[in-house]
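This is what each chain is made of:
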Amino acid sequence: SDEVQIGPETVMTVLYTAKKYAVPALEQACVDFLKRNLSSDNAFMLLTQARLFDEPQLAALCLETIDKNTADSLAAEGFTDIDSNTLCLVLERDTLRIREAKLFEATVRWSEAECEREGLVVTSTSQRAVLGRALSLVRFPLMTVEEFAQGPAQSGILTDREVVQLFLHFTVNPKPPVNFLDVPRCCMTGKEQTVCRFQQIESRWGYSGTSDRIRFIVDRRIFVVGFGMYGSIHGPSEYEVTIQIIHTATGKVCASNDTSFTSDGTVNTFRVMFKEPVEVLPNTNYTAYATLKGPDSHYGTKGVRKVAVECPSGDRATFQFTYAAGNNNGTSVEDGQIPEIIFYT
């Protein structure tokens, strides 16, 4: 009948059956359902299933979700249930957003669960045995000496020789070689931050196809993930929007996304995100672009030229906003759209 009812309880058995009896349309319906319901809570569980059922597209989406929400994904119940090959697949990634010490803690939790599955007493020796190759994929050199001393050095999972080698690696120059990678993973750690450049909200702001633009400089490297945008003054409304970050001096497009968002008619800002985090270098001029198609919206006033944001690490990220000359739909430092930049440090 080409009609199928799929739910969270039945989707995996239906997918198995669809593959077994070669019903591609039903298989695709199952995969589409899983994609729609993918979150950090179930990413590891679905990754295991995607690998089992040979669904590379779904597996890639699961890995992308784990990259973007590493800490939440590792904290979910399904993480300790994965097999060792899946654990290795994840530990090999350069794109995880988590401190290496936290990644090691999660790996230790997985080893405890694996020992229990194999009927082994949980000891540092049995944990090392079940981890196998996975242990070599933890990038201990990326930790601070304090993180290493408080966690891995006392875990008993590393050999005395490895512990000594790593302490020497942290403390002497030239650094002796170690058998662990020191390639940085994605440096987006900590919490999402937002810088807001306006002190007051007014109405109305119209759109005629011209981009709203504002220039900004920040005094440290950050990763921009999106903008907060004002929405409709006429109740719930849909906007089509293209957002961009452009390197001002060269005109190079650093990131661009064509998307849409729904505004509920309040003065709240609405998140419009890039597909990937955008690395923004310190003390470099960038221009934020937003081209909206939709009804008149709220807008910001009493804009601030310089805003400092307290970061979770205790540091600050200081933004300076300047006027983007040319046809910018009226947006300036003082008034307009693009009230917020959403970022990680």
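Residues numbered from 1 in each chain as written. Predicted model: local features only at pLDDT ≥ 70, side-chain atom pairs only at ≥ 80, totals over all residues. Heavy atoms only, no water.

1. Quick notes on unusual backbone geometry
Part 1 of the reasoning: Residue P174 is reached from N173 by a cis peptide bond, and omega for that bond is -5°.
Part 2 of the reasoning: The residue P174 is located in the loop between helix 12 (160–171) and strand 1 (193–196) in this model.
Part 3 of the reasoning: The residue after S203, namely R204, is reached through a cis peptide bond having omega 20°.
Part 4 of the reasoning: Following the sequence through the fold, R204 ends up in strand 2 (residues 200–205).
Part 5 of the reasoning: One non-glycine residue, D54, lies in the positive phi region at around 55°.
Part 6 of the reasoning: Non-glycine residue I338 carries a positive phi angle of around 50°.
Part 7 of the reasoning: Along the chain, I338 falls in the loop between strand 11 (316–322) and strand 12 (340–344).
Part 8 of the reasoning: The class for I338 is buried, based on a relative accessible area of 1%. (Helix = DSSP H or I, 4+ residues; strand = E, 2+ residues; numbered from the N terminus. Buried < 20%, exposed > 50% of the residue type's maximum accessible area, 1.4 Å probe, protein only.)

2. Some details on empty space enclosed by the protein
Part 1 of the reasoning: Under the counting rule described, the total for this entry stands at one cavity of 30 Å³ or more.
Part 2 of the reasoning: Looking at the largest cavity, its volume works out to about 40 Å³.
Part 3 of the reasoning: Taken together, L74, F79, L87, V90, L91, L103, A106 and T107 form the lining of the largest cavity.
Part 4 of the reasoning: Listing elements by their share of the lining of the largest cavity, those giving two or more residues are helix 6 (84–91) and helix 7 (100–117).
Part 5 of the reasoning: For the lining of the largest cavity, the residue count by class is seven nonpolar, one polar and no charged. (1 Å grid on protein atoms, 1.4 Å probe; cavity = no way out; pocket = protein on both sides within 12 Å on 5 of 7 lines; lining within 4 Å. Points joined across faces, edges and corners; volume = space filled by probe spheres on them. Nonpolar A, V, L, I, M, F, W, Y, C, P; charged D, E, K, R; others polar.)

3. Concerning the UniProt feature "domain: BACK" (unreviewed entry) in the chain
Part 1 of the reasoning: Taken from the UniProt record, the annotation "domain: BACK" (unreviewed entry) applies to residues 43–150.
Part 2 of the reasoning: Between the C-alpha atoms that bound residues 43–150 the distance is 29 Å, and the span itself is 68% helix and 0% strand. (UniProt positions renumbered as here; feature names shortened; annotations may be inferred.)

4. Focus on the pattern of salt bridges
Part 1 of the reasoning: Tallied over the entire structure, the rule returns 16 salt bridges.
Part 2 of the reasoning: The closest approach of N and O atoms between D67 and R93, which form a salt bridge, is 2.7 Å. Placement of D67 in helix 4 (residues 56–68) and of R93 in the loop between helix 6 and helix 7 is noted, with a sequence separation of 26 residues between them.
Part 3 of the reasoning: Put simply, D81 and R117 hold a salt bridge, and the shortest N to O gap is 3.9 Å. Taken together, the residues span a long stretch of sequence, with D81 in the loop between helix 5 (70–75) and helix 6 and R117 in helix 7 at a distance of 36 residues.
Part 4 of the reasoning: One salt-bridge network, in which partners are shared between bridges, spans K19, E27 and E55. (Salt bridge = Lys/Arg side-chain N within 4 Å of Asp/Glu carboxyl O.)

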